[in-house]
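# Examining the three-dimensional arrangement
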Amino acid sequence: MELFDSHVHLDDEAFAADLAAVIDRARQAGVIDMVTVGIDVASSRAAVDLAGRFSTVHAAVAVHPHEAGRAGPKAMADLGPLAAHAKVVAVGETGLDYAKDYAPREVQRRVFIEHIWLSRERNLPLIVHCREAHAEVLEILEREQPVGVVMHAFSGSVDVARACVERGYFISLAGPVTFRNARAAAQVAQEVPLGSLLVETDAPVLAPEPFRGRRNEPAYLPHIVQRIADLRGCPPEEIAAATAANARRVYAVN
Ligand code: NI
């Protein structure tokens, strides 16, 4: 089974002590490729650096909505050249987080839109983080028209998922789909057409069952794939193959 983890944070300090082992375990678990996603300029730089060191690691660069308050003109200017690096496959993660509201909403919106402009300028897809802001995120995406969209760790309803699929966005499912109480996520996992589905760990956070609450790592991706396969009543190999092919397509990875 060959898997593609569409969203990880390998530069996180949780991996500082054993990153090579983490990547090795991922490979043994069948996770052939992964995208390590930046959350600020330093982390985006680290993502590009990691992508340069490991052949199976690709990078995405952005300032996370949690950090949007610190994303001044300098930060956005710094992201431009980073996004031009050969192993950068997306701009992200960016979006709106109205659950935490760490940055003022007005600032989050401005920074989100600037990231969409960057993604268009570089012809890269956009990795979108969205919490309790789906109506507004969809409205901004509709208006600003990024070249491609990955809805990361999708937390919306089935209706929102359908609207995303209609527009050609990819729905990336993470650990919560394995949680017993995650009924919306389970429904989304059943409804989204295979051609629009991606899978991710979002490691080191959002560990799937049976590792919930512990440090997550890309090697746990098969647990998410297995759960989606169980929900859809198909072999996990089918989910693995389709989601890997989709990831290669949206991120333009061979
Ligand atoms: Ni993330």
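The name given to the protein chain in an unreviewed UniProt entry is TatD family deoxyribonuclease, with the source organism recorded as Candidatus Segetimicrobium genomatis.

## What about the sheet that holds strand S4 (residues 88-97)?
Within the open sheet, the eight strands sit side by side as S1-S2-S3-S4-S5-S6-S7-S8. Their pairing is parallel. Edge positions in the open sheet fall to strand S1 (3-8) and strand S8 (197-199), since each of these has one partner strand only. Taking each pair of neighbouring strands and ignoring which way they run, the sheet shows an average axis angle of 30°. For S4 and strand S5 (residues 126-131), the ladder comprises five bridges, and the chain directions are parallel. Bridge pairing in S5 places Gly-95 opposite His-129. In the packing of helix H8 (residues 221-232) onto the sheet, the strands contacted are S1, strand S2 (31-37), strand S7 (170-173) and S8, and the crossing angle to S8 comes to about 145°.

## Thoughts on the UniProt feature "binding site: a divalent metal cation 1" (unreviewed entry) in the protein chain
Per the UniProt record, "binding site: a divalent metal cation 1" (unreviewed entry) is annotated on His-7, His-9, Glu-93 and Asp-202. The greatest C-alpha distance among the residues just named is 11.0 Å, despite their covering 196 residues of sequence, which places them together in space. Residue position: His-7 is located in strand S1. Take His-7: its relative accessible area is 0%, and that puts it in the buried class. His-7 has contacts with Val-35, Val-37, Glu-93, Ile-127, His-152, Glu-200, Thr-201, Asp-202 and Ala-203, leaving out every residue within four places of it along the chain. Assignment of secondary structure puts Asp-202 in the loop between S8 and H8. Residue Asp-202 is classed as buried on the basis of its relative accessible area, which comes to 6%. Residues within four places of Asp-202 in sequence aside, it is in contact with Asp-5, His-7, Val-8, His-9, His-152 and Asn-216.

## Side note on the UniProt feature "binding site: a divalent metal cation 2" (unreviewed entry) in the protein chain
UniProt records the feature "binding site: a divalent metal cation 2" (unreviewed entry) at His-129 and His-152, using the numbering of this structure. Maximum C-alpha separation among the annotated residues is 5.7 Å over a sequence range of 24 residues, consistent with a single clustered spot. Inspection of the secondary structure assignment puts His-129 in strand S5. Relative to the helices and strands, His-152 resides in the loop between strand S6 (149-151) and helix H6 (158-166). Residues within four places of His-152 in sequence aside, it is in contact with His-7, Glu-93, Ile-127, Val-128, His-129, Arg-131, Ser-172, Glu-200 and Asp-202.

## Here's the deal with the nonpolar core
Leu-141 and Met-151 are the most contacted members of the largest nonpolar core, which has 77 residues in total. Among the elements that make up this core, the one with the highest residue count is H8 (six residues). With residues near it in sequence (within four places) discarded, Leu-141 still touches Phe-112, Ile-116, Leu-126, Val-128, Pro-146, Val-149, Met-151, Arg-167 and Tyr-169. Core analysis: the next-biggest nonpolar cluster, separate from the first, contains 15 residues, Phe-170, Leu-198, Ala-247 and Val-250 among them.

Cut-off values and rules
Residues numbered from 1 in each chain as written. Predicted model: local features only at pLDDT ≥ 70, side-chain atom pairs only at ≥ 80, totals over all residues. Heavy atoms only, no water. Pairing = 2+ DSSP bridges. Helix = DSSP H or I, 4+ residues; strand = E, 2+ residues; numbered from the N terminus. Axes fitted to C-alpha atoms, helices over the stretch in contact; angles between N-to-C directions. Contact = heavy atoms within 4.5 Å. UniProt positions renumbered as here; feature names shortened; annotations may be inferred. Buried < 20%, exposed > 50% of the residue type's maximum accessible area, 1.4 Å probe, protein only. Core = buried A, V, L, I, M, F, W, Y, C linked by side-chain atoms within 4.5 Å.

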